[in-house]
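One-letter residues, chain by chain:
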Amino acid sequence: MAAASGLPHLIARSGVLPLCRRLPAWGRAVRQLPGLPLAPCRAFSNNKIQVEMNESSGVATMKFKSPPVNSLSLDFLTEFCISLEKLENDRACRGIVITSAIPKIFSSGLDITEMCGKSTEHYTEFWRAVQEMWLRLYSSNMVTLAVINGSSPAGGCLIALSCDYRIMAENPKYTIGLNESQLGIVAPFWFKDTFVNVVGQRVAERSLQLGSLYPAPEALKFGIVDELVPEEKLQEKAAAVMAQWLALPDHARQITKSMMRKTVLDRLVAHREEDIKNFISFVSKESIQKSLLMYMEMLKKKKS
Amino acid sequence: MAAASGLPHLIARSGVLPLCRRLPAWGRAVRQLPGLPLAPCRAFSNNKIQVEMNESSGVATMKFKSPPVNSLSLDFLTEFCISLEKLENDRACRGIVITSAIPKIFSSGLDITEMCGKSTEHYTEFWRAVQEMWLRLYSSNMVTLAVINGSSPAGGCLIALSCDYRIMAENPKYTIGLNESQLGIVAPFWFKDTFVNVVGQRVAERSLQLGSLYPAPEALKFGIVDELVPEEKLQEKAAAVMAQWLALPDHARQITKSMMRKTVLDRLVAHREEDIKNFISFVSKESIQKSLLMYMEMLKKKKS
Amino acid sequence: MAAASGLPHLIARSGVLPLCRRLPAWGRAVRQLPGLPLAPCRAFSNNKIQVEMNESSGVATMKFKSPPVNSLSLDFLTEFCISLEKLENDRACRGIVITSAIPKIFSSGLDITEMCGKSTEHYTEFWRAVQEMWLRLYSSNMVTLAVINGSSPAGGCLIALSCDYRIMAENPKYTIGLNESQLGIVAPFWFKDTFVNVVGQRVAERSLQLGSLYPAPEALKFGIVDELVPEEKLQEKAAAVMAQWLALPDHARQITKSMMRKTVLDRLVAHREEDIKNFISFVSKESIQKSLLMYMEMLKKKKS
């Protein structure tokens, strides 16, 4: 039945999710887009992200636990979106902490295997899921707090940048940044927009061109994260920061957040299909396939 | 006669003001808008702001002296706009210093009594006066210098942000910020735009969501003010800063300023009536009336 | 033949340049504009800029050597654009270092003699050359590195701001900034846009209104330059920085750069003819001619 209603595929997939009670602006816009292709129902794993809800504080914790490096596979992204939607629709949940259960890594970003040797349909579904993840997270009505307890390149950095506040472990071995250009690929415009909203045009321009990965102290200096905390104090600090944000009346805070992020969210909603086409055209190039395969080989060798 | 000419109500009200000699761009735009409703002529007090003109330096000082906290009532705003227009039209006046004659407070922002239990007509007139104040100040051809000698929340902060330069007393007990969300209300988009133009998107997003009031040293750190000066040296510093700005040829400085602020000014001019409707719809809500009344009760208790 | 093809005058002039192999986006846009007036072919000097190409590193060095102060005359600009286009079309050239061969000065900016007592045709040609220079430099596919080994006011500062990275000699006697308003003139909107992209809205607003020239240490503090280096180490540093930028795959870096700068480049392309008209109307004013003449007199007296 959900499939027949024309809702975006993630909603259709889950089938059981109630209509959004606190639907953000972009959500409504998406729903109004006519003729969105529906993905066929598919099973998805439900063990890549551990969600714990603290009923008394109203704060949920989402822990990435997809070894070895929390890469953003289609399954991971699907589970992420559904978890996010469930929490968004749970009146008791006012804030979420996003962190990792894997030592030394927050998230390594998009799963490159999803971009290699797959069909156009697969690329479409994958990229739509990446977009969906960002649209939901960046427009969330909940307070979103990234507790970055490990390295966080590319898509992992995007997740952090999309939160309301970023705390990072004070460990110079952990790095963060949008390093796409180092891999010979280009961060999409909405990665860029999100980055510019956090660090400003100049730092974004230099960092994106160089594909810079910043050690935690540099990340703080350039404003990519808001605070550094010794790793053992991350939880304590997260609780304190969350309490500060939850002290505000939800309604005023939510409208304010939406006002600040609307321009950038609207841009992807307006150009979503075009952005998918761009991704497919790019990833289908022989030269890109070649460099991604080479990159994967390199990662495998590194591992063994 | 003025009423018949279709000029905006503030001009109509004063009745005696000559046509702007140095009318800024937005002013012309406003005047071209057809069918602006005219407010009936009304008396207004003329003792909430003390204006002193120094003929030799070409600098006027506007001192807020509306006890207890220089709140921005309709009368205050009307007087502010008319004083501003008089100075704007005075060829001898090239710069203004805006400061407070009330100890420890610059301005407490919008007068909440104007938003409680009043008629739609009153809300309309009040909100139009708030807009008018900002349009005139933000687009002023004069050099505008805020000398912030006390706390300056919400609308008080907006006045400071709209000036060309901000000096604040070096006293951590004085705070400044757009703290609307703490009261359960939302800063309008043009408060936000003005804030972003001063501190950038990231600091604005965090500060507006949290409704942060920054002690003077923090305000300097985040760029909300340009300089801190011991309170007893404020006047001396103000004179020096003003002299520096007046050393520039007026014409080039004015065109440059207009170029920098045009986008944001144009946005309110284009959405002015819509913004008034939003304000009325918001302030008319039972829940908002209730929280504003509660807030006023709290203030009264605090005082006694 | 080139003249008949409707290409912009700089291309037409050179006559021998091959069609761009790596034509940036704006270039294509410019070429599509119908009815661009063609300047008559004219000779131009070819000794104001010394270009050296290092074949092994793929880095060219452009040294300004137009005494006394590397001012941007029509001849200088023409030579600059043609050199830039040649390098842009040279597959072996991946990066350029822009610096000065004249002690203590990087470039003094636009040549005022080109703006005094000349014909409308001359003003048109001059201003189009200024635009062309910026369009080519700001959109260059090459890595562009400004090595600022002397003072760099106005148009000189614009050249530096248009590069990807700025290193300045650590000498407080060298200043940099867009000081147009000090001369009673106004920096065009695209100077402003370029400046805002580097230092943000607030620093740009204050600096442009005051026409601030910052000594090197201040320039670093406000983000106008990225790094200060003792003058004798500039070359060594430039090589290291260039190597860092060239380590990135060209294609990804170029698309990223174009994504970051497109909005601002498109704005001038869309308003190019209007901008020329504005310049002519401004520079033709008696009052402006008078102040420019006075300024030139002052410079002459200073010199003697």
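All residue numbers refer to positions counted from 1 along the written sequence of the respective chain. The lettering of chains begins at A and the numbering of ligands begins at 1, in the order of writing. Two thresholds apply to this predicted model, a pLDDT of at least 70 for residue-level local features and 80 or more for giving and counting side-chain atom pairs, whereas whole-chain, interface and lining totals are computed over all residues. For side-chain calculations, the full set of non-hydrogen atoms in the structure is used, while hydrogens and water are omitted.

Undergrad: A description of the packing of aromatic side chains should follow, citing residues and the corresponding values.
TA: Here a ring pair, both rings aromatic, is described through the centre-centre distance and the interplanar angle of the planes. All names here are of chain A. Think of it this way: a Phe, Tyr or Trp ring, Trp meaning its six-membered ring, pairs with another when their centres are within 6.5 Å, and the plane angle makes it stacked under 30 degrees, edge-to-face over 60, tilted otherwise. Taken as a whole and judged by the stated rule, the model has 39 aromatic pairs over all chains. Both rings, one in F76 and one in F80, keep their centres 6.4 Å apart while their planes meet at 20°; by these two values the pair is stacked. On the criterion of helical spacing, the pair formed by F76 and F80 is a turn pair, its members being four residues apart in helix α3 (residues 74-88). Note on accessibility: F76 and F80 belong to one class, buried. Three or more aromatic residues joined by ring pairs form one cluster here, namely Y123, F126, W127, W134, Y138, W190, F191 and F279. Helix numbers and strand numbers start at the N terminus; a helix is a DSSP run of H or I with at least 4 residues, a strand a run of E with at least 2. Only protein chains enter the accessibility calculation, which uses a 1.4 Å probe. A residue is then buried if its area is under 20% of the maximum for its type, exposed if over 50%, and partly exposed in between.

Undergrad: Give a detailed account of the interface of chain C and chain A, specifying residues and quantitative values.
TA: At the interface, 19 residues of chain C touch 19 residues of chain A. Together chain C and chain A conceal approximately 1,700 Å² of surface at their shared face, both sides included; 63% is due to carbon and sulfur atoms. The working definition used for a salt bridge is a side-chain nitrogen of Lys or Arg within 4 Å of a carboxyl oxygen of Asp or Glu. One salt bridge connects R261 of chain C with E205 of chain A, and the closest N-O pair in it is separated by 2.7 Å. Polar contact is defined as a pair of N or O atoms within 3.5 Å, subject to the rule that within protein one atom must be able to donate a hydrogen and the other to accept it, and that residues adjacent in sequence are counted only when both atoms are side-chain atoms. Counting every contact that joins chain C to chain A gives six residue pairs in polar contact (both at pLDDT 80 or more). Contributions of two or more residues to the side of chain C that touches chain A are made by β9 (165-169), α6 (189-199), α9 (234-246) and α10 (250-270) of chain C. Looking at which element gives the most residues to the side of chain C that touches chain A, the answer is α10 of chain C, with eight residues. Three classes are used: nonpolar for Ala, Val, Leu, Ile, Met, Phe, Trp, Tyr, Cys and Pro, charged for Asp, Glu, Lys and Arg, and polar for all others, with Gly counted as polar. Looking at the side of chain C that touches chain A residue by residue, the class counts come to ten nonpolar, three polar and six charged. We call two residues contacting when some pair of their heavy atoms lies within 4.5 Å. Buried area, as used here, totals the accessible surface that two parts lose on assembly, with accessibility defined by a 1.4 Å probe and the loss added over both.

Undergrad: Let's hear about the relation of the copies chain A and chain B: which residues, and what values?
TA: Copies are brought into register by a least-squares superposition over C-alpha atoms of residues with pLDDT of at least 70 in both. Superposing chain A onto chain B takes a rotation of 120° plus a shift of 0.0 Å along the axis, which leaves an RMSD of 0.0 Å. Each copy turns onto its partner about a three-fold axis. Across chain A, the rotation axis passes nearest the C-alpha of G200 of chain A, at a separation of 4.3 Å.

Undergrad: I'd like a rundown of the packing of helix α4 (residues 120-138) of chain C against α10 of chain C, residues and numbers included.
TA: Residues and elements named next belong to chain C. Fitted lines through C-alpha atoms serve as axes, helices being fitted only where they are in contact, and the angles separating the N-to-C directions of these axes extend from 0 to 180 degrees. For the pair α4 and α10, the least separation of the axes is 10 Å and the interaxial angle reads 165°. Considered as vectors, α4 and α10 are oriented roughly antiparallel to each other. Pair α4 / α10 crosses with left-handed handedness. Contact residues: α4 offers Q131, W134, L135 and Y138, while α10 offers K257, R261, V264, L265, L268 and V269. Here the residues of the contact of α4 with α10 are counted per class, giving seven nonpolar, one polar and two charged. To sort the angles, those under 35 degrees are grouped as roughly parallel, those over 145 as roughly antiparallel, those from 65 to 115 as roughly perpendicular, and the leftovers as oblique. Here is the rule for handedness: rotate from the far helix to the near one, and if that takes an anticlockwise turn smaller than a right angle the crossing is left-handed, while a clockwise turn gives right-handed.

Undergrad: Please set out the sheet that holds strand β11 (residues 214-215) of chain C residue by residue, giving values where relevant.
TA: Residues and elements named next belong to chain C. We call two strands paired when DSSP finds no fewer than two bridges between them. With mixed pairing, the four strands of this open sheet are ordered in space as β5-β8-β10-β11. With partners counted over all chains shown, the strands left at the sheet margins are β5 (104-105) and β11, one partner each. Of the pairings in the sheet, the one linking strand β8 (residues 150-153) to strand β10 (residues 175-177) comprises two bridges and is parallel in character. Among the inter-strand pairings, S152 is bridged to a residue of β10, identified as I176. Sitting on the sheet, helix α5 (residues 154-161) is in contact with β8 and β10, with an inclination near 100° to β8.

Undergrad: Just give me the short version of the side chain of T194 of chain C, but keep the residues and values in it.
TA: Residue and element names in this part refer to chain C. Along the chain, T194 falls in helix α6. Residue classification places T194 among the buried residues on the basis of a relative accessible area of 0%. If sequence neighbours within four positions are ignored, T194 has contacts with W134, Y138, L158, L161, S162 and V264.

Undergrad: Which residues make up the side chain of S73 of chain B, and what are the values?
TA: Residues and elements named next belong to chain B. In this structure, S73 sits in the loop between β3 (71-72) and α3 (74-88). Residue class for S73 comes out buried when judged on its relative accessible area of 10%. At a separation of 3.1 Å, a polar atom in the side chain of S73 contacts the main-chain amide nitrogen of F76. Setting aside residues no more than four positions away along its own chain, S73 makes contact with K48, D111, E114 and F126.

Undergrad: So, the confidence of the model for chain A: which residues are in play, and what are the values?
TA: Residues and elements named next belong to chain A. The predictor reports its confidence for every residue as pLDDT, a score running from 0 up to 100. Mean pLDDT over chain A: 87, with 85% of residues reaching 70 or higher. Predicted confidence for residues 1-44 stays below pLDDT 50, and this span has 74 contacts to residues more than four positions away or in other chains. The complex model carries a pTM of 0.87, and its ipTM stands at 0.86.

Undergrad: Can you tell me about the pairing of strand β1 (residues 49-54) of chain A, naming the residues and giving the values?
TA: Residues and elements named next belong to chain A. As paired elements, β1 and strand β2 (residues 59-64) share six bridges and run antiparallel to each other. Across the sheet, N54 pairs through a bridge with V59, a residue of β2. Between β1 and the antiparallel strand that follows it, β2, lie four residues; G58 among them carries a positive phi value of about 75°.

Undergrad: I'd love a proper account of the interface of chain A and chain B, names of residues and values included.
TA: Residue-level contacts link 19 residues of chain A with 19 residues of chain B. Interface of chain A and chain B: buried area, both sides summed, is about 1,700 Å²; carbon and sulfur atoms make up 63% of it. Three residues stand out in chain A for area buried against chain B, namely L248, M259 and M260 of chain A, and they jointly supply 34% of the buried area on that side. Between the two partners, chain A and chain B, sit three salt bridges.

Undergrad: Residues and numbers for the sheet that holds strand β11 (residues 214-215) of chain B, please.
TA: Residue and element names in this part refer to chain B. In space, the four strands of this open sheet follow the order β5-β8-β10-β11, with mixed pairing throughout. Of all the strands in the sheet, the pair left with one neighbour each is β5 (104-105) and β11. Both strand β10 (residues 175-177) and β11 contribute to a ladder of two bridges, which runs antiparallel. Paired with T175 across the bridge in β11 is P215. Strands in contact with helix α5 (residues 154-161) are β8 (150-153) and β10; relative to β8, the strand with the most contacts, it is inclined by about 100°.

Undergrad: Which residues make up unusual backbone geometry, and what values do they have?
TA: The bulk of non-glycine residues show a negative phi, and the bulk of peptide bonds are trans. Residue P67 of chain B is joined to P68 of chain B through a cis peptide bond whose omega torsion reads 0°. With respect to the helices and strands, the residue P68 of chain B is situated in the loop between β2 (59-64) and β3. One non-glycine residue, N70 of chain A, adopts positive backbone phi at about 50°. Position of N70 of chain A relative to the elements: it lies in the loop between β2 and β3 (71-72). We classify N70 of chain A as buried; its relative accessible area is 0%.

Undergrad: Before we move on, could you go through the environment of N141 of chain B and cite the residues and values that matter?
TA: Structurally, the position occupied by N141 of chain B is in the loop between α4 (120-138) and β7 (143-148). Note on N141 of chain B: relative accessible area 13%, which makes it buried.

Undergrad: Any details on helix α11 (residues 272-283) of chain B? Residues and values, ideally.
TA: Residues and elements named next belong to chain B. Given the number of residues in a helix, its expected span is that number minus one, multiplied by 1.5 Å. Along its twelve residues, α11 runs 16 Å from first to last C-alpha, staying within 8% of the 16 Å computed at 1.5 Å per residue. By the burial criterion, the buried members of α11 are R272, D275, I276, F279, I280, F282 and V283. Buried residues of α11, seen end-on, are gathered within an arc of 165° and therefore sit on one face of the element. Note: the arc covers the axis-to-C-beta directions of the helix.

Undergrad: Quick rundown of the packing of α3 of chain B against α4 of chain B? Include the residues and the values.
TA: All names here are of chain B. The interhelical angle for the contact between α3 and α4, taken along N-to-C directions, is 30°, at an axis separation of 9 Å. Pair α3 / α4 crosses with left-handed handedness. Between α3 and α4, the residues in contact are L74, L77, F80, C81, L84, E85 and E88 and H122, E125, F126, A129, V130, E132, M133, R136 and L137, respectively.

Undergrad: How would you explain the pairing of strand β7 (residues 143-148) of chain A if you had to name every residue and give the values?
TA: Residue and element names in this part refer to chain A. The buried count for β7 comes to six of six residues, which makes it a mostly enclosed element. Going residue by residue along β7, you find V143, L145 and V147 tucked away on one face and T144, A146 and I148 tucked away on the opposite face as well. As defined by bridge partners, strand β4 (residues 95-100) adjoins β7 across four bridges and the pair is classed as parallel. Of the residues in β7, the one forming a bridge with G95 is V143. In this structure, β7 lies alongside strand β9 (residues 165-169), joined through four bridges in parallel fashion. Bridge pairing in β9 places V147 opposite I167.

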